[in-house]
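Structural overview for review
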Amino acid sequence: MAEAADFQGTPSPARRWLRRTGALLAGAPLLAGLMQLPAAAPAQAAGSNAVSVALDSLSPSAPADGDTLTVSGTVTNNGKQAVTDAHVDLRVGSPLSTRSAIDAAARNSDELQSGLGTEIGGKYTEDFDSLAPGIAEHFSISVPVDKLDLGQDGVYPFGVSLSGKTSAQQWDQVLGIQQTFLPWQSSEADTKTRTTYLWPLISTVHMTAKTGAGELQTPVFLNDDLAKEISPGGRLAQMLALGKDLDVTWVVDPDLLASVDAMTRSYRLQGAGDTTTAGTHQAVAKQFLADLQNAVADKEVVALPFADPDLASLAHNGTTVTGSLSHLKDATDVAATTVETVLHVTPNTDFAWPVNGAVDPSIIKVATSAGADKVIARSDSLQETGGLSYTPSAARPIGGGTTAVVADARLSTAFDGDLTQADAATLAIQRFLAQSLALNTQTDKQRSIVVAPQRTPSASQAQAMATAITALQNSNWSQPQDLTAAAKDKPDPGATTRIPSSSAYPAALRRQELPRTAFEQIARTQDKLDNFQVILSNQSRVVTPFGRAINREMATSWRGDGTEADGFRTGVESWLDDLIGQVKLIDKSETKLSGRSATIPVTVQNNLVQGVDHLVLRLTSTMPTRLEIGGKPYYEQRVDVSGGHSQSVKFSTSANANGRVEVTAQLYTEDGQEYGTPVRFDVKVTEVTPTVMLVIGGGVLLLVLAGFRMYTHRKRTAARQAEDGDGPAPAGEDTPDTPEDEGPENTAGPGNPGPRDDRLPEESGHRAGADDPEQPSDPTPDTAPESTDPSGTGERVDR
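On a predicted model such as this, the values are computed, not experimentally measured, just so you know.

Moving on to the overall build of the protein. Looking only at helices and strands, the protein features 20 helices and 30 strands. Sequence separation of at least 24 residues holds for 76% of the intrachain contacts in the protein that already meet a minimum separation of 6. In the form shown here, the protein has an accessible surface area of approximately 39,700 Å², with 51% of it arising from carbon and sulfur atoms.

This is how it looks when you write it as structure tokens:
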């Protein structure tokens, strides 16, 4: 009962004490764990974020026996608690056997959970009493290579860690780490990799199609950005300064050379509207070209087609537009000439380089259409499918006499991204060298490897590339080789030669391509240029700048900048339209013709500097039954007009009926293509009818007869006066004027006998007598009655 009461009711004091003691003992471990949770949370956070380690330099990048390795960088406390008893340590891990293992280690280079490796320790550390929150401290540690305990040749993970204590964790722990790679080839390798590194000298589009009107044809630049690139400290200036000491293959865009060469003389910069300003960097351009000529004097130079056309855009969107491929051929043809003229070296033009080395069948077809028989691809596009355990040589025969030169993707992309920070550049350099050594140790078979970096490296990327190439050239596992030799190397029979399908082309790259409309606009501009150039007396003044501008419209540098590309194409076409419009017909107002035939002038104006010829002016009547031109519905005449002058061309016309006729004047080229805008004007015909012409003709005849009668009348009067004794009239003198010549004001009166009838007696119908009175009021007949007397000599008888 007591047990029952104790169980069901209130427990006794003794039992309560036992229970409490048991519960306390049972909960002690749990309480201890809960008490430690607040301290564990900061420790976890500190492990991933508390301290960051930046590895700013590692020299030498590829050490050899007897070297001393110097590592420097910064450590930064990103936490809220000070780190005490802090010290920087160097760590070396176990060698990595594969290239993919290097990739995995690089992805986790700052994670504490990754393998930390063995701490070198000893005096090869650097201590800090305290590392305050938000404070960065610099460190530098030098250690003989033989102290690193490196064994066999290979790639070793190499880390720099910071350890210390915090107020929450009063024991020594690793709070931050940065791992990289230490390539170790203690002696000359039995087989060295032949490495080709492409050194691209490529820029964006800088020149417009505009040139000045003078003999020098002063070029006009979009802006002064090129001057900034080639000036000391500029991107291209640094590429040149770094590349001249490297054993690399120079890959140049001839457009860059042509642009810099144009800057060595007078040039102008495009301003607002139609304004331009003078360029002032001639000295900089001359120095850049002089330095470049020296740098490439003994090096291989590969010339891309002029302006580096976008082969993928052309293949995917341009081949269905008539004439697009011809632009690639023109760009290829002019490339060698440009490089030879500017650099005084003979370049190799056998290589085509699609963007990022991404290929498909259509790109290969376009790339080789202009004469190139080698295409620079990349291994992440033309991927290995044969199961090889090593990276094969770059050269691959892909059929049709074409060789794909496959660049290694890992090495080619090693310097992508932002490398402005020293730690990022150092990690990129060490990773590049690690991949190169790992590639060499894959097999005893000697191979040729090509590295094709980004087309337009930034200054920081170029500096990192140059450091890596220098280390590679001084290494024990690699030797330099030019691109032509790599392309001729014996292909590996196990390497894939299958070109990926169009569907495998990266979508991100396809979105950046020039659209079909761009190639349609290019074709339209080319058609206008073709039609324009045939009339010019000096075609090169227009064909050369516009031909190169059309090449620039297809440049790879427009990728990802469609708005700027559209603006450039529109500017080229608009400028060409403006030049074409300088040769035109002058508008005419209505022309009136007041007869059966007349001459119509049409004026051709030429405001160009040079003369134009091979033009035909056609004048067409819309109603040839009413108005003919040259006896036809239309008539043509050749036109030659000097520069800055006008010429008036005259057309003979004939009218067949009255009324208004529309006439069209149109210029044509000699091959029958319309040129310019037609001019239309009205011709108003006021033709004289045959009846009116007959009346007019009759009136003229009557005037002639009247004059003849007056003459004969005076002759007879003179003869009659001579018979009456007055004497003959002096020979050769006209008879004096009669009083009637004074007009109707002569009236009868003393001394004024009044009007006289000058008609001959034979014409009056009776013989006039001396006593016949004068009848001034009698009307004079329009015609004389017929006379029965014989006609005198020379007298006309009207019947």
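Now for the pairing of strand β18 (residues 395–399). Pairing of β18 with strand β19 (residues 402–407) involves 4 bridges; the strand directions are antiparallel. Within the sheet, the bridge partner assigned to Pro397 lies in β19 and is Thr403. Counted between consecutive antiparallel strands, the loop separating β18 from β19 contains 2 residues, among which Gly400 sits at a positive phi close to 70 degrees.

Let's shift gears to helix α16 (residues 516–533). The end-to-end C-alpha separation of α16 is 26 Å, in line with the 26 Å expected for 18 residues at 1.5 Å each. For α16, the full list of buried residues reads Ala518, Phe519, Gln521, Ile522, Ala523, Thr525, Gln526, Leu529, Asn531, Phe532 and Gln533. Buried residues along α16 sit in contact with α8 (311–318), α9 (324–343), α17 (540–552), α18 (562–580), β29 (659–669) and β30 (674–685).

All told, the structure shown has 6 aromatic pairs when counted by the stated rule. Measuring from centroid to centroid gives 5.2 Å for Phe221 and Tyr267, while their planes differ by 65 degrees, and the two rings are edge-to-face. With Phe221 in strand β11 (residues 219–221) and Tyr267 in the loop between α6 (254–263) and β13 (268–270), the pair connects residues that are 46 residues apart, well separated along the chain. Here Phe221 and Tyr267 have matching classes, each one buried. Here the aromatic rings of Tyr635 and Phe651 are separated by 6.4 Å at their centres, their planes lie at 85 degrees, and the arrangement is edge-to-face. Of this pair, Tyr635 sits in strand β27 (residues 634–641) while Phe651 sits in strand β28 (residues 645–655), placing them 16 residues apart in sequence. For Tyr635, a relative accessible area of 34% puts it in the partly exposed group. According to the relative accessible area criterion, Phe651 is buried, its value standing at 0%.

Here we take up the confidence of the model for the protein. Residues of the protein with pLDDT of at least 70 account for 82%, and the chain-wide mean is 84. Contacts of residues 1–47 to residues separated by more than four positions or lying in other chains number 17 contacts, the stretch itself having pLDDT below 50. Between residues 726–799, whose pLDDT stays under 50, and residues either more than four places distant or in other chains, the model counts 46 contacts.

Strands sit in the order β22-β24-β28-β26 across an open sheet of 4 strands; the sheet is antiparallel. In this open sheet, the two edge strands, each paired with only one partner strand, are β22 (583–585) and β26 (627–629). With direction set aside, neighbouring strand axes in the sheet form an average angle of 30 degrees. Relative to β28, β26 runs antiparallel, the two sharing 3 bridges. What sits directly across from Glu628, in β28, is Ser654.

Across soluble globular proteins, nonpolar side chains show a tendency to be buried alongside one another. Counting residues in hydrophobic clusters, the biggest one holds 76 residues, and the most contacted among them are Phe532 and Leu617. The residues touching Leu617, leaving out its near neighbours within four places in the chain, are Leu585, Val602, Val604, Tyr635, Glu636, Gln637, Val639, Val649, Phe651, Ala665, Gln666 and Leu667. Listed in part, the 64 residues of the second largest apolar core include Leu246, Tyr267, Ala462 and Ala471.

What follows is about the side chain of Arg194. Within the secondary structure, Arg194 is located in strand β9 (residues 193–201). By relative accessible area, which is 18% here, Arg194 ends up buried. Apart from residues no more than four positions distant in its own chain, Arg194 is found in contact with Gln446, Arg447, Ser448, Ile449, Gln479, Gln481 and Asp489.

To continue, consider a negative patch on the surface. On the surface, Asp65, Asp146, Asp149 and Asp153 cluster together into a negatively charged patch. Mapping Asp153 onto the fold places it in the loop between β6 (136–144) and β7 (154–165). Since its relative accessible area comes to 31%, Asp153 is described here as partly exposed.

A rise of 1.5 Å per residue sets the reference length of helix α7 (residues 282–295), with its 14 residues, at 20 Å; its end C-alpha atoms lie 20 Å apart and thus fit the reference within 8%. Listed in full, the buried residues belonging to α7 are Ala285, Phe288, Leu289, Leu292 and Ala295. The arc that holds the buried residues of α7, viewed along the axis, is 125 degrees, so those residues lie on one side. Those residues of α7 that are exposed and angled more than 90 degrees off the buried face are Ala283 and Asn294.

In contact at an axis separation of 9 Å, helix α12 (residues 422–440) and helix α13 (residues 459–473) are set at 35 degrees when each is read in the N-to-C sense. Helix-helix and strand crossings are classified by hand; for α12 and α13 the assignment is right-handed. On α13, the residues touching Ala425, Ile429, Phe432, Leu433 and Ser436 of α12 are Ala464, Thr467, Ala468, Ala471 and Leu472. A class-by-class count of the residues in the contact of α12 with α13 yields 8 nonpolar, 2 polar and no charged.

Looking now at the packing of α9 against α17. For the pair α9 and α17, the least separation of the axes is 10 Å and the interaxial angle reads 115 degrees. Relative to α17, α9 is oriented roughly perpendicular. Here the hand of the crossing between α9 and α17 comes out left-handed. Every residue of α17 that contacts α9 at His327, Asp330, Ala331 and Val334 is listed here: Arg548, Ile550 and Asn551.

All right, on to the sheet that holds β6 then. The 3 strands lie next to each other as β1-β2-β6, forming an open sheet whose pairing is antiparallel. One side of each edge strand has no neighbouring strand; the edge strands of this open sheet are β1 (51–59) and β6. With strand direction ignored, the average angle separating the axes of adjacent strands in the sheet is 20 degrees.

Positionally, Leu343 belongs in helix α9. What makes Leu343 buried here is its relative accessible area of 2%. Note: C-alpha distance between Leu343 and Asn294 (49 residues apart in sequence) is 8.8 Å. Not counting residues within four places of it along the chain, the set of residues in contact with Leu343 comprises Leu257, Leu292, Gln293 and Val296.

The omega torsion across Ser59 and Pro60 is -5 degrees, close enough to zero to call that bond cis. On the secondary structure map, Pro60 appears in the loop between β1 and β2 (68–77). In this structure, Gln217 takes a positive phi of about 50 degrees despite not being glycine. Mapping Gln217 onto the fold places it in the loop between β10 (207–211) and β11. Accessibility expressed as a relative area gives 19% for Gln217, which makes it buried.

Conventions we followed
Residues numbered from 1 in each chain as written. Predicted model: local features only at pLDDT ≥ 70, side-chain atom pairs only at ≥ 80, totals over all residues. Heavy atoms only, no water. Helix = DSSP H or I, 4+ residues; strand = E, 2+ residues; numbered from the N terminus. Contact = heavy atoms within 4.5 Å. Areas by Shrake-Rupley, 256 points an atom, 1.4 Å probe, with all protein chains shown as cover. Pairing = 2+ DSSP bridges. Expected span 1.5 Å × (residues − 1). Buried < 20%, exposed > 50% of the residue type's maximum accessible area, 1.4 Å probe, protein only. Phe/Tyr/Trp six-rings, centres within 6.5 Å; stacked < 30°, edge-to-face > 60°. pLDDT = per-residue confidence, 0-100. Axes fitted to C-alpha atoms, helices over the stretch in contact; angles between N-to-C directions. Core = buried A, V, L, I, M, F, W, Y, C linked by side-chain atoms within 4.5 Å. Patch = residues over 30% accessible without salt bridge, like charges linked within 9 Å, V, L, I, M, F, W, Y side chains within 5 Å. Salt bridge = Lys/Arg side-chain N within 4 Å of Asp/Glu carboxyl O. Lys, Arg positive; Asp, Glu negative; His and termini not counted. Charge placed at Lys NZ, Arg CZ, Asp CG, Glu CD. Arc of directions from axis to C-beta. Left-handed = near helix turned anticlockwise from the far one by under 90°. Nonpolar A, V, L, I, M, F, W, Y, C, P; charged D, E, K, R; others polar. Parallel < 35°, antiparallel > 145°, perpendicular 65-115°, else oblique.

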